[in-house]
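What the coordinates show
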Amino acid sequence: MIHLLRTPKISPNDDRLLVVRFLVEDGEQVKKGREIVELEGAKTVVAVESPVAGIFYPFQEVGTEVPIGGIVGVITPTPMTRSDILLALADDDTRQADAPVPSTPGSGVRFSKAAAAWLDDNGLVADRFAGHGLVTVSRLRAMLADEGNGRPNGVRQGVAPSPGRPGANRRVLLAGAGPGAHQVLDILLRDSESEVIGLLDDNPEKHARVIRGIPVLGPLEHMNVLATQNKADSVLCTTPTAISFRQKVGVMAREAGLQLATAIHASAIISETASIAPGSVIGALCYIGPETILGENCFLSSRTTFEHHNQIGSWVTTGPNVATSGLVVVGSGVRFGSGIVVEPKVIIGDNATVASGSVVTNDIPAHAILKRGSDGKPILQPRKANP
Amino acid sequence: MNIPASCLRQAITIRLVEERLLELYALGEVHGTVHTCVGQEWSGVAVCAALRKGDTIFSNHRGHGHFLSWCDDVEGLIGEILGRSSGVCGGWGGSQHLAVAGFFSNGIVGGMGPVSAGAAMAHKLRGGGDIAVLFIGDGGMNQGVVFETFNAASRFDLPLLIVCEINGIAQSTAIDTVLAGSLAGRAASFDIDIVEGDTWHPEALLASAQRAVTQVRSRSRPVLLCVHTFRLNPHSKGDDLRPRALLDDYRQRDLLCQWFAAADGDIHTLRESCRMRVERAVQNALAAPMACGIETPFPARADVIWRPAVSPGGSLVTRLRNGWEKALSGDSRVLFLGEDVADPYGGAFKVSKGLSSRFPERVYNMPISEAAMVGLGVGLALSGLRPVIEIMFGDFLTLAFDQLCNHAAKFHDMYGGRFHVPLVVRTPMGGRRGYGPTHSQSLEKHFLGIPGLQVAAIHHRLDCEAMLSRLPGWIQHPLLLIENKTAYGLDGAAGVLEGFVYQETGGLFPTLRIHPGLQPDVLIFGYGGMLVEIEAAMDRLFVDHDVLCAAIVPTMLHPFDMDPVFEALRETHRMVIVEEGAGFAGLGAEVVAMIHERGVGPVRIKRLSGIALAIPAAVSAEATHLPDARAIVGAVLAMMHGR
Ligand SMILES: Cc1ncc(C[n+]2csc(CCOP(=O)(O)OP(=O)(O)O)c2C)c(N)n1
């Protein structure tokens, strides 16, 4: 079996990468995980590791630009001549189908004339569809319809909602009566458009308690009944980090016919062109930049900055002082600690975790954990033990 | 008389076998018919006595005697004619289609001519001194391909012995009523020497045959051995209109008849031993199981697996040329023959430019004899070489149809699956060059569906260089390779549709899929030169009309793999089929039929093809005649709007 080493996609805007240097010799025996080649995009240099043990043969020269998905080299189990490798590759019909490599211009998107006109008519910016391939009007409609349904956006699935704000909360139930409830009450008790009517919590010890004048009504499983009794319109989750809990609340709210409420601190600044899906808590002094999309049910602690043209998935949580630069993509279920800086155009995969104090310069794959070593340098753990 | 005992025994055996076969026929044991050579036996006996192992015989419908003289396989012959699996071809060939090592017969009068010349050419190239032999009746000497064979055999100094069995009759027609000039004159005009003999003087015939064979072998030149003889029995069964008296007359002259009249003596003893042998063979054959099918030469394919398509850079013609160069340098069995293929001309479309300079002994010009050229290729391929025959324009393939359909395509199956014809015939099709009605057609549909004949159509995105370099090692069955005139100049990497995904299936002849990455509205199906039009249409449909199309572009047209089409159609349920040739009963029709048979569900299909008239030469008229991107766009839009 011959393994192909292909150029990875490292940012939405690089459709080809420059071969900077090879870190192993032509024909060298390499171990699995050994760094093979350095590739440079517009912003970063990445090292590609060998997926298997074997013998490496380069297929490109230093200084060439290789399209994303192009073959940089191969790893063979035994020594082979170049022509044998080519023959073997051609012969190997049973090889797994490779991921398709669409040929698109630099932005990775192409609009039909009708779609381009439609964008114009609706005052939408083409940039936000980068990487979406062929876009027709019906595709645009479908994307925007998805957003209207409040469907979560996974990274690179690339559903791009139009800018928008959730509707009014009116009578709100809060799910979770822990410390987060205090943060949320701090926001909503000042909000003239919201009336918090009660809290729900599964811990019986908290039932019948009152927090800042609001009663804990009962367990979560009675949401449906309690909402009807108390004529609730919406529900909001107050537990920042328990993602499964946040997801559960979302499902129960829908089943109970409730809206997801949104809590945005009066001191937060939200750009006119940013889009906020319902269900999120946005703490004091947060900033959501222009054209940034925030998925549903996120919990942003104070001083979270998502700069312009970010795509943030659902159920994302941040500690205080997390800041992304422009064009960052954050998958759903990503957890940020506190005091984190993210470089432009970085892509953070679904359910990744970023430790406090990290400076994120490279992409983080889904389910991976970016830690800080004892020397302060970042360490990327490929996958959580139990994603 | 001084006839070797082995020859005597052979002649007697042949007579007894055929007489016994006629008895079995009368008893209803023979399915079909038998052409016996009763009265002509000495011809085969004499010629084969002069041959040696390594020589190759090509025989005709009246070939039992030739066959037994060559290999003496009485059991194999009788088993074959009685339709038993013990037959030499497992019962698939029957009386007229026999094959063992060094022997092949076929039922097309004259058709084996160029095939025998091809085998002679292979012998000559190998340089071992072996020769090829063609047995042909005097009726066959009016067949055009035989003249083509004479010409090629003589001009290329091929070691070919042509044995003409002159019995004065063809089926029911007296030869002198249909033959102008003379047989000798035919040979003379091609500068072919003649040796004569007859079956009433076997000793002299043995000597003549020996002389002819020696001459062919030593001079590497064709010789015509004229064997005067008489067919004592009807053409096949009960179809003899000749006067009784004439037949009786010849029966009395026939040596075997005379000998068999004696009730004792050496001949009688010999005859008895031969008779017992024949009888044993008959009983064994009758006890053997009836013939059954052989395994299909084209295995069913696995699931569709898509991988990135290559889209190679450089013009198609350059890549074809490079591919053939690799094929020639990588495999010494490869020969590249055709009209005007040699340098400095390098072929009408320059595919072979430079090849004859590099491989002068394997790339050369052929006379304008399409049938003989392809037949020659069949003989070369049957001899283990890897001939590639260029037909200058696809329109001229019709002249070689018999060689492709009745020879190249049949041999593997009808000889019981034991012989292969790894022949490539390649040719450009298609219009848009103003060449007019006889140089612009896409005739490949006429060659689709012939069992045993593979037909592939190259398009400009195919990595044909890699394909051709591997072709000699891959090919087992004849392959007709269709190119397209307008595609020769196209760069395989240029103009790849932005935003669409190009993928292909595996193998040497992958199916290309162009996909928008999203749910397409309509599927477009086409092949070869139509790819350019399909791509242009897909682009226009997306940009101007907001419609997403996918395309399926096969290269192997027969045997045809429908799975990629089924898979793609499940996505769209709408399909436009586009073919440059006349659409009636074409590949598109077959695809529609297969979709219907499979029951893919409700689908809407439109077909586009060339208009059913001769292709006009005038540029404006030609343009409206052939389907193009505009027509595809129109068909897709009509379909989108429910029309
Ligand atoms: C191309 C072709 N045309 C016609 C026939 C039908 N056919 C079979 S044998 C035969 C007569 C052939 O005469 P000749 O070549 O003299 O051979 P003979 O039968 O006399 O041995 C004919 C017309 C055929 N088999 N092939």
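Residues numbered from 1 in each chain as written. Chains lettered and ligands numbered in written order. Predicted model: local features only at pLDDT ≥ 70, side-chain atom pairs only at ≥ 80, totals over all residues. Heavy atoms only, no water.

1. Overview of the domain arrangement of chain A
Interface size is often expressed as the accessible area that is lost when the parts come together. All names here are of chain A. Under the domain assignment, chain A is made up of domain 1 (3-97), domain 2 (109-149), domain 3 (170-260) and domain 4 (263-381). The centre of domain 3, based on its C-alpha atoms, is set 24 Å off from the matching centre of domain 4. Each side of the interface is counted separately: domain 3 has 16 residues, and domain 4 has 18 residues. Of the roughly 1500 Å² buried where domain 3 meets domain 4, counting both sides, 64% is carbon and sulfur surface. Linking domain 3 with domain 4 are 1 salt bridge. Residue Glu296 is joined to Arg254 by a salt bridge in which the shortest nitrogen-to-oxygen separation is 2.9 Å. Run the count over domain 3 and domain 4 and you get 3 residue pairs in polar contact (both at pLDDT 80 or more). Looking at the side of domain 3 that touches domain 4, the elements with two or more residues in it are α4 (179-188), β15 (234-237) and α6 (243-255). Ranked by the residues each element gives to the side of domain 3 that touches domain 4, the list is headed by α6, at 5 residues. Per-class residue counts for the side of domain 3 that touches domain 4 are 8 nonpolar, 5 polar and 3 charged. (Domains from an automatic or database assignment. Contact = heavy atoms within 4.5 Å. Buried area = accessible area lost by both parts, 1.4 Å probe. Salt bridge = Lys/Arg side-chain N within 4 Å of Asp/Glu carboxyl O. Polar contact = N/O pair within 3.5 Å; in protein donor to acceptor, adjacent residues only side chain to side chain. Helix = DSSP H or I, 4+ residues; strand = E, 2+ residues; numbered from the N terminus. Nonpolar A, V, L, I, M, F, W, Y, C, P; charged D, E, K, R; others polar.)

2. Section: the confidence of the model for chain A
All names here are of chain A. Counting all residues, the mean pLDDT for chain A is 81, and 87% of those residues have values of 70 or more. Note that residues 92-103 has pLDDT below 50 and, in this model, 33 contacts with residues that lie over four places away or in other chains. Counting contacts from residues 148-163, a segment whose pLDDT is below 50, to residues more than four positions away or on other chains yields 47 contacts. (pLDDT = per-residue confidence, 0-100.)

3. So, the site of the ligand
Residues and elements named next belong to chain B. Residues in close proximity to the ligand total 15 residues, the closest being His61, Arg62, Gly107, Gly139 and Ile169. Asp138 places a side-chain nitrogen or oxygen 3.0 Å from an oxygen atom of the ligand. Contact between the ligand and Gln171: a nitrogen atom at 3.2 Å from a side-chain N or O atom of the residue. In the complex, 74% of the free accessible area of the ligand, which totals 580 Å², lies under the protein chains. Considered class by class, the residues forming the shell around the ligand number 4 nonpolar, 9 polar and 2 charged. (Near = heavy atom within 4 Å. Areas by Shrake-Rupley, 256 points an atom, 1.4 Å probe, with all protein chains shown as cover.)

4. With respect to empty space enclosed by the protein
Residues and elements named next belong to chain B. Scanning the model with the defined rule gives 6 cavities of 30 Å³ or more in all. Roughly 100 Å³ of internal volume is contained in the largest cavity. Lining of the largest cavity is provided by 15 residues; of these, Glu444, Asn484, Tyr527, Gly528 and Gly529 occupy positions nearest its centre. Where the lining of the largest cavity is concerned, the elements lending two or more residues are β16 (479-484) and β22 (574-582). Residue composition of the lining of the largest cavity, grouped by class: 7 nonpolar, 4 polar and 4 charged. A domain split of the lining of the largest cavity shows at least three residues from each of domain 2 (309-487) and domain 3 (501-640). (1 Å grid on protein atoms, 1.4 Å probe; cavity = no way out; pocket = protein on both sides within 12 Å on 5 of 7 lines; lining within 4 Å. Points joined across faces, edges and corners; volume = space filled by probe spheres on them.)

5. With respect to the pattern of salt bridges
With the rule as written, the count across this model stands at 32 salt bridges over all chains. Residues Arg110 of chain A and Asp539 of chain B are paired through a salt bridge, measuring 3.0 Å at the closest nitrogen-oxygen approach. Of the two residues, Arg110 of chain A sits in strand β9 (residues 109-111) while Asp539 of chain B sits in helix α17 (residues 530-545), which places them in two different chains. Overall, Arg110 of chain A belongs to the buried group, its relative accessible area being 14%. A salt bridge links Glu580 of chain B to Arg432 of chain B; the shortest N-O distance between them is 3.8 Å. Here the residue Glu580 of chain B occupies a position in strand β22, and Arg432 of chain B occupies one in the loop between β14 (424-429) and β15 (454-457), the gap between them amounting to 148 residues. (Buried < 20%, exposed > 50% of the residue type's maximum accessible area, 1.4 Å probe, protein only.)

6. Quick notes on the side chain of Ser358 of chain A
Residue and element names in this part refer to chain A. Residue position: Ser358 is located in the loop between β32 (353-354) and β33 (359-360). You can call Ser358 buried: its relative accessible area is 2%. Discounting residues that sit within four places of it in the chain, Ser358 has contacts with Gly339, Ile340, Val341, Leu370 and Arg372.

7. Topic: the packing of aromatic side chains
Residue and element names in this part refer to chain B. Under the defined criterion, the tally for this structure stands at 21 aromatic pairs over all chains. Between Trp42 and Trp259, the ring centres sit 6.1 Å apart and the planes meet at 85°, which makes this aromatic pair edge-to-face. Here the residue Trp42 occupies a position in helix α2 (residues 41-50), and Trp259 occupies one in helix α10 (residues 255-261), the gap between them amounting to 217 residues. An identical accessibility class is assigned to Trp42 and Trp259; each is buried. The interplanar angle of 90° and the centroid separation of 5.2 Å between the aromatic rings of Phe393 and Tyr435 together place this pair among those described as edge-to-face. A residue pair is termed long-range when its members are at least 10 positions apart, and Phe393 in the loop between β13 (386-390) and α15 (401-414) and Tyr435 in the loop between β14 and β15 qualify at 42 residues. In textbook terms, an aromatic cluster arises when at least three aromatic residues are bridged by ring pairs, as seen for Phe58, Phe104, Phe411, Tyr415 and Phe419. Here the guanidinium or amino end of Arg253 rests over the ring plane of Trp200, the centre of that ring lying 4.2 Å away. (Phe/Tyr/Trp six-rings, centres within 6.5 Å; stacked < 30°, edge-to-face > 60°. Lys NZ or Arg CZ within 6 Å of the ring centre and 35° of its normal.)

8. Let's talk about the nonpolar core
Judged by nonpolar contacts, the single largest core of 183 residues is most densely connected at Trp42, Leu161, Trp324, Met467, Leu481 and Val591 of chain B. With 10 residues, the single largest contributor to this core is helix α1 (residues 5-26) of chain B. Counting residues in hydrophobic clusters, the runner-up holds 32 residues, among them Leu134 of chain A together with Ala309, Cys549 and Met639 of chain B. (Core = buried A, V, L, I, M, F, W, Y, C linked by side-chain atoms within 4.5 Å.)

9. A few points about the pairing of strand β2 (residues 16-22) of chain A
Consecutive residues of a regular strand have side chains that alternate between opposite faces of the sheet. Residue and element names in this part refer to chain A. Sheet topology note: the β2/strand β7 (residues 65-67) ladder contains 3 bridges and is antiparallel. Across the sheet, residue Arg16 finds its bridge partner in β7, namely Pro67. Pairing of β2 with strand β4 (residues 35-40), which is carried by 4 bridges, proceeds in the antiparallel orientation. Across the sheet, the residue bridging to Arg21 is Glu38, located in β4. (Pairing = 2+ DSSP bridges.)

10. A look at the pairing of strand β8 (residues 71-76) of chain A
All names here are of chain A. Counting buried positions along β8 gives 5 out of 6 residues, so the element sits mostly inside the fold. Direction of pairing for strand β1 (residues 3-6) relative to β8: antiparallel, over a ladder of 4 bridges. When the bridges of β8 are listed, Arg6 appears paired with Ile71. Note that strand β6 (residues 54-58) and β8 share 4 bridges and pair antiparallel. The residue of β8 that forms the bridge with Pro58 is Gly73.

11. A closer look at α1 of chain B
Taking 1.5 Å as the rise per residue, α1 of chain B with 22 residues should run 32 Å; its terminal C-alpha atoms sit 32 Å apart, in good agreement. With its phi angle positive at about 80°, Gly28 of chain B sits one or two positions after the end of α1 of chain B. (Expected span 1.5 Å × (residues − 1).)

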